[in-house]
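Observations on the three-dimensional arrangement
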Amino acid sequence: MSPDLAVTSASGNVEKGKMAAPLIPRKLLLLNDLRPFMLTQYMHPGSVAASPPALLWPPAKRLRRLFLTLLLALIPAPISAQQSHKDASAGLEPIRSYISAGWNTLSRSLSDCATFSDTKLTTAPQLYLPADFPVPESVKQLETRCKIQVRNLPPSASHLGPSAAQAIDPPGLLYLENRYVVPGGRFNEMYGWDSYFIIVGLLRDGRLDLARDMVNNFLFEVEHYGAVLNANRTYYLTRSQPPFLTSMILGVYGAQKAAGHEDRKWLEKAYQLAVKDHSLWVAEPHLAGSTGLSRYFDFGDGPAPESVKDETGHYREVVAYILSHPEVDQSLVVRKGPGQTASSSAGSTYSLRVCDVARTMAKTDCTVAADVVLSADFYKGDRSMRESGYDISFRFGPYGAGTHHFAPVCLNSLLYKSEKDLEEISKLLGRKEDAEQWQKRSEERKAAVQKYLWNSQRGLFVDYDFVHQAQSSYDYVTTFFPLWAGIATPEQAQALIKHLPTFEQPGGLVMSPHETGGQWDFPYAWAPDQLIADEGLRKYGFNKEADRVSYEFLSTVAENFRRDGTIREKYNAVTRSSETQVTAGYHMNIVGFGWTNGVFLELLHELPAEMVQKLAGEQGSSAAATH
């Protein structure tokens, strides 16, 4: 299924604010026309197909009638509403209910004081509005009710840049007009790329109203803060996240149209702001040298504010790793001279000591050998890695230190997809010249991807180090992004499928075959990359492989839900467990979890009916599950 298709009800409509019931595929309702009165359209579970009262059987066909009666006795009867609920509760209904309730549990709005909580920092709650933005009356009431301070941003915060976030003290929440769904746990704000996968789930669950609210919030961000942000906190005014905005726009527009509420005026506004957001990625400093491709780049300097408190000891671990691995670029650590002080953006100072080996219980003696700090270039790479969303992985060097030196497969596949989407929207709006320009730009990017990111000898799409002018040898699951975006040729898809065993484990696709201690490396499987790979494989006709791999991930999520009643941020694909042993970056495995919920629903929808039934059986029911 295209990532932009919306879910509709049996009548073709999506009811605002209501969860659409799953649909039973037509193939399950027909049996070679032996049941002449059976429905020939999609039917919701709980509907009963009954013989019309006027249905008569001619005497000459009594024998056939007897035969059919006996045959029908052997066919499972259509599920009654009561029986459907009972059977589903024993199968997939508990996890479906968890996800359905989760959309409300994870929803935030400015009317809820809990929205302002930020466990990543210790400062008092603040709410910031765009510069010169009038303070709504409802916001004024929050100061007393939620005990927060309401402020306006400086004019420099109308676009991403180094000065915006640094000038704002104390940090706080950025104003958004509508409700939104957060991932969960420490992530108590609306995130950039998380939200695409959340919106996919909302549309699959019939929550068009909430999905549209979220897209409108992103349009507000682009209009008033300059781009889709990493998330709506002031310390994220220096970076964006992987660009899914056009996919979100088309998803919501398609759902509205299917519901009989096509909104061309809304699409026109969304188009203009999507063009503005796209411009961030095709200008300096987001250009990957002279390749014609783009890179991740954070405008800020020094340590990422959210990491200092929430990833205790992380930067110290980085220093220790670099110094103990001579093969790593040692310029990432800078030795301080006697009496030299570091700039305020340089981060912490670390002391190197030479100590006696302890042989008794007595205190060991140590001598200070040098003081060191992490280099400005390391922090730039660290921040840029966080814009990529893949934090932390060793894909772009240890701890992602070289992220800003690479043209990544994922980013450029997404930008190609965005350019094709903008071409499609231009056509819908009758903008012929715009459509031609977007087609030209997408073809130029596609050619650059083929030139720099395709490795014909290995049969993989890889990242490109434009500083050293070399392709990366680090196998990573983002190699499937060009399938999802439609960049790969059929021959390249055939070559890629041979590498599926590199990533496939009992619990789905691991991020990489490299065990580094980072949560975005081996042995972890993450929902967004499962969906991208699944849809990419299906686009090129590899349905059997997609079924198998997505089932491995779905059954892992379902098995762990059966044990502890939660859905998590990530899973160990080797042990098929939510138990994780992350040693680089933050160590938690957050409960919630927005994008896992959305991806679960979408992957489930893509599975053949017999595999859904099998999954339901594993959950404790032998009844057929429908989707």
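Right above here is the structure, for reference.
Below is a summary of the structure that appears in this document. (Residues numbered from 1 in each chain as written. Predicted model: local features only at pLDDT ≥ 70, side-chain atom pairs only at ≥ 80, totals over all residues. Heavy atoms only, no water.)

This paragraph deals with unusual backbone geometry. Cis rather than trans, the peptide bond between D169 and P170 has omega equal to 0 degrees. Position of P170 among the secondary structure elements: in the loop between α5 (162-166) and β4 (173-174). Following D391, the chain continues into I392 via a peptide bond in cis, with omega recorded as 20 degrees. In the Ramachandran plot, D132 falls in the positive-phi region, its phi being about 60 degrees despite a non-glycine side chain. Checked against the element boundaries, D132 lands in the loop between β2 (126-129) and α4 (137-145). Its relative accessible area of 76% is what places D132 among the exposed residues. (Helix = DSSP H or I, 4+ residues; strand = E, 2+ residues; numbered from the N terminus. Buried < 20%, exposed > 50% of the residue type's maximum accessible area, 1.4 Å probe, protein only.)

Along the chain, N572 turns up in strand β17 (residues 570-572). Residue N572 is classed as buried on the basis of its relative accessible area, which comes to 11%.

Turning our attention to the packing of helix α6 (residues 194-204) against helix α7 (residues 208-225). Between α6 and α7, whose axes approach to 8 Å, the crossing angle comes to 155 degrees. By the angle between their axes, α6 is roughly antiparallel relative to α7. Considering the relative orientation of α6 and α7, their crossing is left-handed. In this structure, α6 uses S195, I198, I199, L202 and L203 to contact α7, whose residues at the interface are L208, L210, A211, M214, V215 and F218. In terms of residue class, the contact of α6 with α7 is built from ten nonpolar, one polar and no charged. (Axes fitted to C-alpha atoms, helices over the stretch in contact; angles between N-to-C directions. Parallel < 35°, antiparallel > 145°, perpendicular 65-115°, else oblique. Left-handed = near helix turned anticlockwise from the far one by under 90°. Contact = heavy atoms within 4.5 Å. Nonpolar A, V, L, I, M, F, W, Y, C, P; charged D, E, K, R; others polar.)

According to the stated counting rule, one finds two disulfides in the structure shown. Between the sulfur atoms of C113 and its disulfide partner C146 the distance amounts to 2.0 Å. One disulfide, between C113 and C146, carries an S-S torsion of -75 degrees and so falls in the left-handed class. Of this pair, C113 sits in the loop between β1 (107-108) and β2 while C146 sits in the loop between α4 and β3 (149-152), and the two are 33 residues apart along the sequence. Each bonded cysteine in the chain gets a number by its place in the sequence, and the pairs come out as 1-2, 3-4. (Disulfide = S-S within 2.5 Å.)

It is worth spelling out the pattern of salt bridges at this point. Tallied over the entire structure, the rule returns 33 salt bridges. For R445, the salt bridge goes to E419, with nearest N and O atoms at 3.1 Å. Here R445, found in helix α14 (residues 432-452), pairs with E419, found in helix α13 (residues 409-428); they are 26 residues apart in sequence, far enough to count as distant. Taking the relative accessible area as the measure of exposure, R445 reaches 5% and is therefore buried. Accessibility expressed as a relative area gives 1% for E419, which makes it buried. Members of the salt-bridge network, linked through shared partners, are R239, D298, E306, D382, R383 and R386. (Salt bridge = Lys/Arg side-chain N within 4 Å of Asp/Glu carboxyl O.)

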